[in-house]
Amino acid sequence: MSQKMSIPKSFSGLKVLTAGIPLSTPQPQTMMKGIDRVLELSLDGIEVEFVHGVRTKDEELLRFGKYGKEKGIVFTAHAPYYINLNAKEKEKYEKSKEHIIKSLLAAEKIGAWSVVFHPAFYLGDDSKRVMERVIKAIEEINSYLESISFSFSVWLRPETMGKPTQFGSLEEIVEVSKHFPNVLPCIDFAHLYARSIGGYNTEKEIFGIFEYIGNELGEFALKNMHMHISGMEYGSKGEKYHVTFEESQFHYEYVIKAIKYFGVEGVIVSESSNVEYDGIIIKNYYTKLGE
Ligand SMILES: [Zn+2]
């Protein structure tokens, strides 16, 4: 494994974030009001959604970052959905890399800790072939970032994906992470559950995810985790849509138990259909286990 960069973490323990600003942010909803709402709810931060493209102006990003820092909020970011590092057309492949680069530059302005992205679709290729292309793409992204003297103050996080047609098993994401000092996984538990058609849902299976990461990437990875969690509706083709914990058979409580057991630090982003409601459930359960 390549030596990991020590990208600064401005917090210790576990921080609970909402995916985007809370739904209950007063109208007209803005990022600033979203930050205030997160604080009112006693949550810890926001995963800024660039999922439909990075369109926010630099001055705005700097303004969010400054306000968030003043308020002690943790930021992460989610890159656009339109990424496929296994795209066959050169233009799509280049665009995919550009989405990641733009997300990293925007995240740097906000002072975000990580950028999450969906790496690729298999498109009929085997895992090994897609792995090679994803690794090559990240090599190209990193050399571009070096050429513009990027600060490398933001983790790049390929995410475990919810459909078997998507590159992004636990093993694949951990393997990609081994190749780069600035890459660590984003573990989306609901995606692993849907991808495996209901697997990764017993206490043993969920504890096994953390054990695997510790064994393969070391203790450092467990102290710098980025996780996504939600309820999930799935079918024979994997992920269908995100629901609340209450509406799902997914055992989120084992995830929180494992986080406590392994002394995991980092961020957990609530991606439920009611982001703040389930975020509060996570936060309360984590606090309760600490007593
Ligand atoms: Zn995602």
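Before reading on, note that the structure itself is shown above.
Residues numbered from 1 in each chain as written. Predicted model: local features only at pLDDT ≥ 70, side-chain atom pairs only at ≥ 80, totals over all residues. Heavy atoms only, no water.

### A look at the packing of aromatic side chains
Part 1: Throughout the structure, instances matching the rule amount to 13 aromatic pairs.
Part 2: When the centroid spacing of 5.4 Å and the interplanar angle of 75 degrees are considered together, the rings of F11 and W113 count as edge-to-face. With a gap of 102 residues between them, F11 in the segment before strand 1 (14–19) and W113 in the loop between helix 3 (90–110) and strand 4 (114–117) connect regions that are remote in the sequence.
Part 3: F11 gets classed as buried once you look at its relative accessible area, which sits at 11%. (Phe/Tyr/Trp six-rings, centres within 6.5 Å; stacked < 30°, edge-to-face > 60°. Helix = DSSP H or I, 4+ residues; strand = E, 2+ residues; numbered from the N terminus. Buried < 20%, exposed > 50% of the residue type's maximum accessible area, 1.4 Å probe, protein only.)

### Overview of helix 9 (residues 252–261)
Part 1: Buried within helix 9 we find Y252, Y254, V255, I256, A258 and I259.
Part 2: Where the residues of helix 9 are buried, they touch strand 1, helix 6 (189–195), helix 7 (203–217), strand 9 (225–229), strand 12 (266–270) and helix 10 (275–289).
Part 3: Downstream of helix 9 by one or two residues, G263 has phi in the positive range, about 60 degrees. (Contact = heavy atoms within 4.5 Å.)

### Comments concerning the coordination of the zinc ion
Part 1: Those protein atoms acting as donors to the zinc ion are H78 (NE2), H118 (NE2), E159 (OE) and E159 (OE), and they sit at 2.1 to 2.7 Å.
Part 2: If you look at the zinc ion, its four donor atoms make angles of 51 to 145 degrees with each other, and the shape they trace is irregular.
Part 3: As a motif over one chain, the donors of the zinc ion read H-x39-H-x40-E. Of this pair, H78 sits in strand 3 (residues 74–78) while E159 sits in the loop between strand 6 (155–158) and strand 7 (166–167); the two residues are 81 residues apart in sequence, bridging distant segments of the chain. As far as the burial class goes, H78 and E159 line up, both buried. (Donors = N, O, S within 2.8 Å, 3.2 Å for Na, K, Ca; no water. Tetrahedral: all angles 85-135°; square planar, octahedral: opposite > 155°, others 65-115°.)

### As for the nonpolar core
Part 1: Within the largest apolar cluster, 95 residues are counted, with the highest numbers of intra-cluster contacts made by F210, I213, M227, V255, I256, I259 and I268.
Part 2: Looking at this core element by element, the count peaks at eight residues for helix 4 (residues 127–147).
Part 3: With residues up to four places along the chain from it excluded, the contact list for I256 reads I268, I282, Y285, Y286 and L289. (Core = buried A, V, L, I, M, F, W, Y, C linked by side-chain atoms within 4.5 Å.)

### Points about helix 5 (residues 170–178)
Part 1: Taken as a whole, helix 5 has its buried residues at L170, E172, I173, V174, V176 and S177.
Part 2: Residues of helix 5 that are buried sit in contact with helix 4, strand 6, strand 7, strand 8 (186–188), helix 6 and helix 7.

### What to know about the pattern of salt bridges
Part 1: A full pass over the atoms with the stated rule returns 17 salt bridges.
Part 2: Close ionic contact of K95 with E98 constitutes a salt bridge, the shortest N to O distance being 3.5 Å. With K95 and E98 both in helix 3 and three residues apart, this pair spans about one turn of that helix.
Part 3: We note a salt bridge from K128 to E132, for which the minimum N-O separation is 3.6 Å. Here the residue K128 and the residue E132 both occupy positions in helix 4, the gap between them amounting to four residues, near one helical turn.
Part 4: For K128, a relative accessible area of 60% translates into the label exposed.
Part 5: Look at the salt bridges and you will find they share partners, linking K90, E94, K97, K136 and E140 into a network. (Salt bridge = Lys/Arg side-chain N within 4 Å of Asp/Glu carboxyl O.)

### A few points about the packing of helix 1 (residues 31–40) against helix 2 (residues 58–71)
Part 1: Interhelical geometry of helix 1 versus helix 2 gives an angle of 20 degrees and a closest axis separation of 10 Å. One way to sum up the angle between helix 1 and helix 2 is to call them roughly parallel. Helix 1 and helix 2 meet at a crossing whose hand is right-handed. Of helix 2, the residues touching helix 1 (which contributes M31, M32, I35, D36 and L39) are R63, F64, Y67, G68 and K71.
Part 2: For the contact of helix 1 with helix 2, the residue count by class is six nonpolar, one polar and three charged. (Axes fitted to C-alpha atoms, helices over the stretch in contact; angles between N-to-C directions. Parallel < 35°, antiparallel > 145°, perpendicular 65-115°, else oblique. Left-handed = near helix turned anticlockwise from the far one by under 90°. Nonpolar A, V, L, I, M, F, W, Y, C, P; charged D, E, K, R; others polar.)

### Observations regarding unusual backbone geometry
Part 1: Cis geometry is found at the peptide bond from Q27 to P28, where omega equals -15 degrees.
Part 2: Counting through the fold element by element, P28 comes out in the loop between strand 1 and helix 1.
Part 3: The phi angle at S42 is positive, at roughly 60 degrees, despite the residue not being glycine.
Part 4: Within the secondary structure, S42 sits in the loop between helix 1 and strand 2 (45–49).
Part 5: With a phi angle near 50 degrees, L123 is a residue other than glycine that sits in the positive phi range.
Part 6: The topology assignment puts L123 in the loop between strand 5 (120–121) and helix 4.

These values are about where atoms sit, not about what they do.
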